[in-house]
Amino acid sequence: MSSKYVNFEGIKFPSVYNVEWLKFCRDEFVVKNDDVIVVTYPKSGTNWIIEILSLIHCKGDNTWVQSTPIWERFPWIETETGRHLLCTKEENGPRFCTSHLPIQFFPKSYFHSKAKIIYVMRNPRDVVVSLYHFSKVLKLLEPTDNFSKMLEMFSQGNVIYGCWFDHICGWLSLRENDNFLILTYEELLHDMRRNVDKICHFLGTKLKEEEIDLVIKNASFSVMKDNKMSNHSILPDYIMDHSQGSIMRKGISGDWKNHFTVAQSEAFDNLFQERMTELDQRLFPWDQC
Ligand code: A3P
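Because the structure is a prediction, the values reported are computed rather than measured.

(A) Highlighting the sheet that holds strand 6 (residues 180-184). Strand order across the open sheet formed by 4 strands is 4-3-5-6, with parallel pairing between neighbours. Strand pairing shows two members of the sheet lacking a second neighbour, strand 4 (96-99) and strand 6, which therefore form its edges. In this sheet, neighbouring strand axes are inclined to one another by 20 degrees on average, regardless of whether the strands run parallel or antiparallel. Both strand 3 (residues 36-40) and strand 4 contribute to a ladder of 4 bridges, which runs parallel. Paired with valine 38 across the two strands is threonine 98, which belongs to strand 4. Across the sheet, helix 2 (residues 46-57) lies against strand 3, strand 4, strand 5 (116-121) and strand 6, angled at about 160 degrees from strand 3, the strand it touches most. In this fold helix 8 (residues 164-172) packs onto strand 3, strand 5 and strand 6, with an angle of close to 145 degrees to the strand it touches most, strand 5.

Put into structure tokens, the structure is as follows:
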């Protein structure tokens, strides 16, 4: 395995993630009842949902999103910096957190808490395309120049945070729980207002129509792309090669059609069918959006 990665119980993580901390995170990190946690598989719209939630929290006002880096607004449970921010947070009110962890590595304390999780899914075909491009930008990842190679690794689950299918099946096992909300990237693109309503209802937050308008405007792709607190442009060169692109790449659904060959598309459809037959296909509405 590349030195860019560490293996924790069969799954690859960037080597900046210490295995001891991943263990601590699962076994000892204390999730609090009023925590609001974003959980996603990488490249599924994590930063977008964080921006939306930050803006909902501020009733559409953009002061917080324009002044505080996104990783400080919603610290990562599985990174040491994130843990430090979360464990030392002194203000009252809900703690916001983010994680890409597969369910088996998530803090055990969550499973007997009332903390709320918002789980965002995206068409895996667009996820792998986004990951392919991002692997050239984020220096914590091994760059893959060849899309076919990336698709093969993704299909085998040989990528950071493990297999997409396992991640989705694991987390969707919680779908009947009141403190678990599922959203999709494609539905957010298709009808942001409806989804902001859904999120507000889930969080018990009431926003006026004009406040929702502000959330929609300030979380749009074009505004986020220019917000240096959200577009990762302030990360140093040893973490991101800004000359290779940006995390705010295209922000569309269906870009996979520009990357997959017909044969790759058919093979992936078969894999999807094989892995997801047990689940109601209405959970995956990307083809309808
Ligand atoms: P693309 O690479 O397909 O453009 P994550 O935050 O989980 O790393 O996901 C990154 C993906 O979300 C990127 O997809 C990025 O462009 C997209 N994204 C980020 N903000 C968005 C927004 N406001 N609207 C639509 N897509 C957004």
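(B) Helix 6 (residues 124-137), seen in detail. A rise of 1.5 Å per residue sets the reference length of helix 6, with its 14 residues, at 20 Å; its end C-alpha atoms lie 20 Å apart and thus fit the reference within 8%. Burial analysis of helix 6 places 12 of its 14 residues in the buried class, which makes it a mostly covered element. Taken together, the buried positions of helix 6 are Pro124, Arg125, Asp126, Val127, Val128, Val129, Ser130, Leu131, Tyr132, Phe134, Ser135 and Val137.

(C) Layout of the site of the ligand. Near the ligand there are 18 residues, and of these Thr46, Asn47, Ser130, Tyr185 and Lys250 occur at the shortest range. Within the contact set of the ligand, a nitrogen atom lies 2.8 Å away from a side-chain nitrogen or oxygen of tyrosine 185. Between a nitrogen atom of the ligand and a main-chain N or O atom of phenylalanine 221, the distance comes to 3.4 Å. Bound to the protein, the ligand loses 97% of the 570 Å² it would expose on its own. Of all the secondary structure elements, the ones that give two or more residues to the shell around the ligand are helix 2 and helix 12 (221-226). When the residues that make up the shell around the ligand are grouped by side-chain class, the tally is 7 nonpolar, 7 polar and 4 charged.

(D) Main features of the packing of aromatic side chains. Within this structure, the stated rule accounts for 31 aromatic pairs. The interplanar angle of 45 degrees and the centroid separation of 4.7 Å between the aromatic rings of phenylalanine 8 and phenylalanine 105 together place this pair among those described as tilted. Note that phenylalanine 8 is positioned in strand 1 (residues 5-8) and phenylalanine 105 in the loop between strand 4 and strand 5, a separation of 97 residues in sequence. One Lys or Arg, arginine 83, reaches over the ring of tryptophan 21 and ends 4.4 Å from the middle of that ring. The ring centre of phenylalanine 272 lies 5.6 Å from the NZ or CZ of arginine 125, which sits over that ring.

(E) Focus on the pairing of strand 5. Of all the 6 residues making up strand 5, 5 are buried; the element is thus mostly covered by neighbouring parts of the structure. In terms of strand pairing, strand 3 meets strand 5 through 5 bridges, oriented parallel. The partner of valine 39 across the bridge, within strand 5, is tyrosine 119. Pairing geometry for strand 5 and strand 6, over 5 bridges, is parallel. Within strand 6, the residue paired with tyrosine 119 across the bridge is isoleucine 182.

(F) Here's a closer look at the pattern of salt bridges. Applying the stated criterion to the full structure yields 14 salt bridges. Measuring nitrogen to oxygen at the nearest pair gives 2.9 Å for the salt bridge that ties glutamate 209 to arginine 193. Separated by 16 residues along the polypeptide, glutamate 209 in helix 11 (residues 209-218) and arginine 193 in helix 10 (residues 192-203) bring together distant segments of the chain. According to the relative accessible area criterion, glutamate 209 is partly exposed, its value standing at 48%. Arginine 193 sits in the partly exposed class, given a relative accessible area of 28%. One salt bridge connects aspartate 213 with arginine 193, and the closest N-O pair in it is separated by 2.3 Å. Here the residue aspartate 213 occupies a position in helix 11, and arginine 193 occupies one in helix 10, the gap between them amounting to 20 residues.

How each quantity is defined
- Residues numbered from 1 in each chain as written.
- Predicted model: local features only at pLDDT ≥ 70, side-chain atom pairs only at ≥ 80, totals over all residues.
- Heavy atoms only, no water.
- Pairing = 2+ DSSP bridges.
- Helix = DSSP H or I, 4+ residues; strand = E, 2+ residues; numbered from the N terminus.
- Axes fitted to C-alpha atoms, helices over the stretch in contact; angles between N-to-C directions.
- Contact = heavy atoms within 4.5 Å.
- Expected span 1.5 Å × (residues − 1).
- Buried < 20%, exposed > 50% of the residue type's maximum accessible area, 1.4 Å probe, protein only.
- Near = heavy atom within 4 Å.
- Polar contact = N/O pair within 3.5 Å; in protein donor to acceptor, adjacent residues only side chain to side chain.
- Areas by Shrake-Rupley, 256 points an atom, 1.4 Å probe, with all protein chains shown as cover.
- Nonpolar A, V, L, I, M, F, W, Y, C, P; charged D, E, K, R; others polar.
- Phe/Tyr/Trp six-rings, centres within 6.5 Å; stacked < 30°, edge-to-face > 60°.
- Lys NZ or Arg CZ within 6 Å of the ring centre and 35° of its normal.
- Salt bridge = Lys/Arg side-chain N within 4 Å of Asp/Glu carboxyl O.

Read these as spatial facts, not as claims about activity.
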